[in-house]
Amino acid sequence: MSNRMINILVPVISVILGLLVGAIVMAVSGYDPILGYTALWNGIFGDSYAIGETIRQITPYILAGLAVAFAFRTGLFNIGVEGQLIVGWFAAVYVGAAFDLPKVIHLPLSILAGAAAGALWAFLPGLLKAKMKIHEVIVTIMMNYIALHVVNALIKTWSGGGDKTERILDSASLRSDFLASLTDYSRLHYGIIIALMMVVLMWFLLEKTTMGFELKSVGFNENASEYGGMKIGKNIILAMVISGAFAGLAGAMEGLGTFGNMYTRGGFTGIGFDGIAVALLGANTPLGVIFGAVLFGSLKYGALNMPNAAQIPEEIVQIVIALVIFFVACGYAIRLLLSKISKKKEAK
Amino acid sequence: MEYVIEMLNIRKEFGNFVANDNITLQLGKGEIHALLGENGAGKSTLMNVLFGLYQPEGGEIRVRGKKVDITDPNVANDLGIGMVHQHFMLVENFTVTENIILGNEPTKGGSLNISAAAKKVAELSRQYGLNVDPYAKIEDISVGMQQRVEILKTLYRGAEILIFDEPTASLTPQEITELIAIMRKLITEGKSIILITHKLQEIMDVSDRVTVIRKGKGIGTVITDESSPEELASLMVGRQVVFKTEKGPSHPTEEVLTVKDLVVTDSRNVEKVKRLNLNVRRGEIVGIAGIDGNGQSELIEAITGLRKVKAGTVAINGKDITNKRPRQVTESGVGHIPQDRHKHGLVLDFPIGHNIALQTYYQKPLSKGGIIDYKAIDRFAEGIIEQYDVRTQGPHEPARALSGGNQQKAIIGREVERDPDLLIAALPTRGLDVGAIEFIHRRLIEQRDNGKAVLLVSFELDEVMNVSDRIAVIYDGMIIDTVIPSETDEQELGLLMAGHSRKEAAAIQAEEGDDKHVQ
Ligand SMILES: Nc1ncnc2c1ncn2[C@@H]1O[C@H](COP(=O)(O)OP(=O)(O)OP(=O)(O)O)[C@@H](O)[C@H]1O
Ligand SMILES: [Mg+2]
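None of these values were measured; they are calculated from a predicted model.

Cut-off values and rules
- Here, residues in each chain are numbered from 1, in the same order as that chain's written sequence.
- Labels follow written order: the first chain is A, the first ligand is 1, and so on.
- Predicted model: local features are reported for residues with pLDDT of at least 70 only, side-chain atom pairs are reported and counted for 80 or more only, and whole-chain, interface and lining totals are derived from all residues.
- Computation of side-chain values: all heavy atoms of the structure, hydrogens and water removed.
- Per the convention used, a helix needs a DSSP run of H or I reaching at least four residues, while a strand needs a run of E reaching at least two, with both numbered from the N terminus.
- Exposure is judged per residue with a 1.4 Å probe applied to protein chains only, and the accessible area is read against the type maximum: over 50% gives exposed, under 20% gives buried, and values in between give partly exposed.
- Only heavy atoms enter the contact rule, under which two residues are in contact if any of them lie within 4.5 Å.
- A 1.4 Å probe and the Shrake-Rupley method give the accessible areas. Residues count as covered only by the protein chains that appear here.
- Neither His nor the chain ends is counted toward charge; the positive residues are Lys and Arg and the negative residues Asp and Glu.
- Charge positions come from single atoms, namely NZ of Lys, CZ of Arg, CG of Asp or CD of Glu.
- When a carboxyl oxygen of Asp or Glu lies within 4 Å of a side-chain nitrogen of Lys or Arg, that pair is called a salt bridge.
- Patches draw on residues past 30% relative accessible area with no salt bridge. Two like charges within 9 Å are joined, as are two nonpolar side chains (Val, Leu, Ile, Met, Phe, Trp, Tyr) within 5 Å.
- To get an axis, a line is fitted to the C-alpha atoms, and for a helix only the part in contact is used. The angle between two axes follows their N-to-C directions and goes from 0 to 180 degrees.
- Each angle is binned into one of four classes, with values under 35 degrees roughly parallel, values over 145 roughly antiparallel, values of 65 to 115 roughly perpendicular, and all other values oblique.
- Basically, the charged four are Asp, Glu, Lys and Arg, the nonpolar ten are Ala, Val, Leu, Ile, Met, Phe, Trp, Tyr, Cys and Pro, and anything else, Gly included, counts as polar.
- Put simply, the grid is 1 Å and covers the protein atoms alone, a cavity is a trapped set of points that fit a 1.4 Å probe, a pocket is an open set with protein on both sides within 12 Å along at least five of seven lines, and lining residues have an atom within 4 Å of a point.
- Grid points are joined across faces, edges and corners, and a volume is the space filled by probe spheres set on the points.
- Delimitation of the domains relies on an automatic or database domain assignment.
- We define buried area as the total accessible area lost by two parts upon association, computed with a 1.4 Å probe and summed across both.
- UniProt positions are given in the numbering used here, feature names are shortened, and annotations may be inferred rather than shown by experiment.
- Note on terminology: a nonpolar core comprises buried Ala, Val, Leu, Ile, Met, Phe, Trp, Tyr and Cys residues joined through side-chain atoms within 4.5 Å.
- Following DSSP output, two strands are said to pair if at least two bridges run between them.

Undergrad: Can you help me understand the overall build of chain A in this one?
TA: Tallying secondary structure elements over chain A gives 16 helices and 0 strands in all. For chain A, the spread of C-alpha atoms along the principal axes amounts to about 65 × 55 × 35 Å. Each of the 348 residues in chain A was classed as buried or not, and the buried ones make up 54%. When contacts within chain A are restricted to residue pairs at least 6 apart in sequence, long-range pairs at least 24 apart make up 78% of them. Counting only carbon and sulfur atoms, one obtains 69% of the accessible surface of chain A, whose full area is about 15,400 Å². A gap of 11 Å separates the mean positions of the 24 positive and 20 negative side-chain charges of chain A.

Undergrad: Before we go on, may I ask you to explain the pattern of salt bridges in this structure?
TA: Opposite charge on two side chains permits them to pair, given that their charged atoms come into close proximity. Taken as a whole, this structure holds 38 salt bridges over all chains when the rule is applied. With a closest N to O distance of 3.6 Å, Glu-207 of chain A and Lys-216 of chain A form a salt bridge. Arg-418 of chain B serves as the salt-bridge partner of Glu-415 of chain B, at 2.4 Å between the closest nitrogen and oxygen. Judged by its relative accessible area of 0%, Glu-415 of chain B falls in the buried class. Through salt bridges that share partners, Glu-254, Arg-282, Asp-419, Asp-421 and Lys-452 of chain B make up one connected network.

Undergrad: Even after reading the chapter, I still don't get a nonpolar patch on the surface, so can you show me in this structure?
TA: Taken together, the side chains of Ile-8, Val-12, Ile-16, Leu-17 and Leu-20 of chain A present a nonpolar region at the surface, about 440 Å² in accessible area. As for its position among the elements, Ile-16 of chain A is in helix H1 (residues 3-28).

Undergrad: Please clarify how a positive patch on the surface should be interpreted in this entry.
TA: A contiguous patch of positive charge, built from Lys-231 and Lys-234 of chain A together with Lys-308 and Arg-325 of chain B, is present on the exposed surface. Mapped onto the elements of the fold, Lys-234 of chain A is located in helix H11 (residues 232-259).

Undergrad: Is there a simple way to explain the packing of helix H8 (residues 191-208) of chain A against helix H13 (residues 286-303) of chain A in this structure?
TA: For any two helices packed against each other, the geometry comes down to the angle between their axes and how far apart the axes lie. All names here are of chain A. Where H8 meets H13, the closest approach of the two axes is 8 Å, and the angle between their N-to-C directions is 150°. Of the possible angle classes, the one that applies to H8 and H13 is roughly antiparallel. The residues of H13 that touch H8, namely those facing Leu-196, Val-199, Met-202 and Trp-203, are Pro-286, Leu-287 and Ile-290. Split into classes, the residues belonging to the contact of H8 with H13 amount to 7 nonpolar, no polar and no charged.

Undergrad: Explain the layout of surface pockets here, please?
TA: All names here are of chain B. Looking at the largest pocket, its volume works out to about 1,600 Å³. Taken together, 44 residues make up the lining of the largest pocket; nearest its centre are Val-143, Asp-292, Gln-339, Asp-340 and Arg-430. If you list the elements that add at least two residues to the lining of the largest pocket, you get helix H5 (143-156), helix H9 (296-304) and helix H11 (341-345). When residues of the lining of the largest pocket are assigned to their parent elements, the largest contribution, 5 residues, is made by H9. Per-class residue counts for the lining of the largest pocket are 13 nonpolar, 16 polar and 15 charged.

Undergrad: It is not clear to me how empty space enclosed by the protein should be interpreted in this structure. Could you clarify?
TA: Where empty space is left in the structure can be found by rolling a water-sized probe over the atoms. Residues and elements named next belong to chain B. Tallied over the entire structure, the rule returns 1 cavity of 30 Å³ or more. Volume-wise, the largest cavity comes out at about 80 Å³. Tallied by class, the residues present in the lining of the largest cavity amount to 5 nonpolar, 5 polar and 2 charged. For the lining of the largest cavity, the domains that each give at least three residues are domain 2 (251-333 + 421-519) and domain 3 (344-419).

Undergrad: I would appreciate a short explanation of the domain arrangement of chain B in the present structure.
TA: One widely used convention gives an interface's size as the accessible area the parts lose upon coming together. All names here are of chain B. Parsing chain B into structural domains produces domain 1 (3-237), domain 2 (251-333 + 421-519) and domain 3 (344-419). The gap between the C-alpha centroids of domain 1 and domain 2 is 34 Å. The interface is formed by 14 residues belonging to domain 1 together with 10 residues belonging to domain 2. Between domain 1 and domain 2, a total of about 810 Å² is buried, with carbon and sulfur atoms accounting for 58% of that surface. Counting across the domain 1 and domain 2 interface gives 1 salt bridge. One salt bridge connects Lys-199 with Glu-460, and the closest N-O pair in it is separated by 3.4 Å.

Undergrad: When you look at the UniProt feature "domain: ABC transporter" (unreviewed entry) in chain B in this model, what are you seeing that I'm missing?
TA: What UniProt calls "domain: ABC transporter" (unreviewed entry) maps, in this numbering, to residues 5-240 and 257-501 of chain B. For the annotated span residues 5-240 of chain B, helix accounts for 34% and strand for 29% of the residues, and the straight-line distance between the end C-alpha atoms is 32 Å.

Undergrad: Would you mind going over the nonpolar core with me for this structure?
TA: Soluble, globular proteins show a tendency: their nonpolar side chains are buried together. Counting 108 residues, the largest nonpolar core has Ile-62 and Leu-66 of chain A as its most contacted members. For this core, the element with the highest residue contribution is H11 of chain A, accounting for 14 residues. Filtering out sequence-adjacent residues up to four positions away, Ile-62 of chain A remains in contact with Ile-192, Ala-195, Leu-196, Val-199, Val-289 and Ala-293 of chain A. Ranked by size, the runner-up nonpolar core spans 34 residues in total, among them Val-96, Val-121, Tyr-156 and Ile-182 of chain B.

Undergrad: Looking at this structure, I do not really get the sheet that holds strand E14 (residues 271-281) of chain B. What am I missing?
TA: Across a sheet, paired strands are connected by hydrogen bonds in the backbone, their directions being either parallel or antiparallel. Pairing within the open sheet is antiparallel, and its 4 strands lie in the order E14-E13-E16-E17 (chain B). A single partner strand is all that each edge strand has here, and the edge strands are E14 and strand E17 (319-320) of chain B.

Undergrad: Would you explain H9 of chain B in this entry?
TA: Along an α-helix, residues three or four positions apart point the same way, because every turn accommodates 3.6 residues. Most of H9 of chain B sits inside the fold, with 8 of its 9 residues counted as buried. Downstream of H9 of chain B by one or two residues, Gly-305 of chain B has phi in the positive range, about 90°.

Below you can see the structure in the form of structure tokens.
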């Protein structure tokens, strides 16, 4: 079996296995799996509205996945994507609401504000790692909490004690009547295009530029990279900043596309943490991240339909979704099985 | 002969590449059996098959006459096979005993029973004359000691058959002598040994028989006493090998490297280089002779910008480069073959092609305006791979998959090809086969003949003697003397390296000479 074949087969088999075990769980708990999966399917692809919403849900997952994957590829573990996303969301909404500018300036500026905020939030852990060798995992985790509570406080101050920001102006919005009418007035927005552009950007940076060469090299072996004339500290900071910018963009998509404002939050969005799984499912490659995000986004969104349409309790739904993702993550074992089978065939 | 191990017609493939092509090796009981072959010939691969790390595609393995299927290292352990790897596998901040019991910890009532294990380790250590402190931490003991811990590890697990993969490559001459004594002791205690080494003299000294492989194929097995280093070398390479590289007289001209009153400290802030002075001129090879740990590494790292200079100056072609960044040093005309190829020399997870471009990836024609032309890198790498006989499947193979010696040849190609005014070669032939050593020496001399300066650091006396035009002896962070190879001998050099002055050395040599007369 060719490698290419295996690479395509593995995720497919994983998903099927996950669905099968999920079906058993549903059946054992006394629910009809066929009904359940029909509801899931309809939740994802049932009508144009569902499709629009699914794509909308996938968008931030792609960007969060890119953030984690980019850091991974450069030898860093960015667990701070969640916090970077939150500050990115707020910054984008702030610029989107506080200024009145023509759309050609206002929208890009708001998006950039989100990216810049995320980058800034990641800069600090990068700096601490580069200068003082403080591990980025600890710092980024803590920065998540700081982001959450600082942003909550900012929203309260800005709104004079309220729990939500002003709405962004139309000139800063990613929404479009065209996309809305196409998908039966879902909240689908242009963010998906930005996310896909970022996928290309990550690939380009890593695979085509001297910057990517250095970032990867430093991630693999700092000593040899220093020997090769690279600046270690600069590259660590740069890697964190780029990763943080992706995360900030994920927040900007929520702020400028899906919601148009920001509420104070009791807890994390979870997108940043799911981004870790998305990146791992996609083997930290740009294309793989799309696959991971599509899987995560559609399951998360489609699952919302299962309690309504098939009366399956929320908890069981969560278990089924987790099982599918679990099996995909186990792809390695399946890969091993496949290569054994194909070897046996060759031997015959 | 009674065989404890028989590897018959072993075949091991990596993809389309055949690393072992029907190789047969039979190890007699109580024998030291050497395995000889060029870099990349497939020695480590064959031993990894025996140790259960790789599964062969063909052939069979018999242990004490019984056919076995060694599916993983645990099976090998149970069969009494132990392996001392080329790169040690020890946990730095664990003690000797902790490292040895790792994986099968003895317990007493559910809790770890370290003291019983330590006692057993001490006993084994005494029995085989290893002199290892069971409670010492790995990070605090020398490389030679660490190797003994690896040996103990195998003995502790009841190994009867020991595999040594290039055990002497990173040892000092003193440590090598001790290791050889240990191996002999192991044999008298009834063990059998397979030894991989590139040093023919070691093979002649300790082994009973030698199996030679070339490019993955078994060439045959010879009895050591009936052979000679010359024969072994030609069996292995497939042609005659010259041991002493021919070179004409040197014609040094202006100074390229000038080191003045250099002071360098190590990471614990201990002075390792103490007001050192050194110069290397165009058209000469200066060898730095000394025992490991006398400041060689710190000196090289300070020149190349990898370590801060505390006081003093370094200049290239009269231009001050003290405390300049490595890239600035490189660009002022310095090439550097680093001492530790896995630490500084290579990004092991990168393809070998990327590694060959590690110093030049940002320059034209390999990249333009920040965009890398990977096709150009491939072409460049293919050129070096061919010219320097790097045995690899191509520029896209990960550096990690290359054999040790071929990794080294790639580094040397990368550094020499830039044609630097000053080429610093630190232990350039460590782990290389005799053919490759000859090749590297010729390259160094060629650089010299082209009017470049070469600074060679080596722990091997014969290498320093053969290749250098001038030998600077380093001792305790200072150059204590400079000698001309033709005017000295290994004995005098050895005494100088131990810190004696030339006068003292002469006196000691005269005394020894007298002793011989008396006898
Ligand atoms: N895991 C691997 N994948 C692909 N090729 C490999 C792998 N391991 C070894 N090889 C190839 O097999 C060949 C033999 O390698 P091996 O390490 O056995 O050589 P060796 O005889 O030990 O050489 P050296 O003296 O340099 O250590 C080399 O060409 C190497 O590139
Ligand atoms: Mg080897």
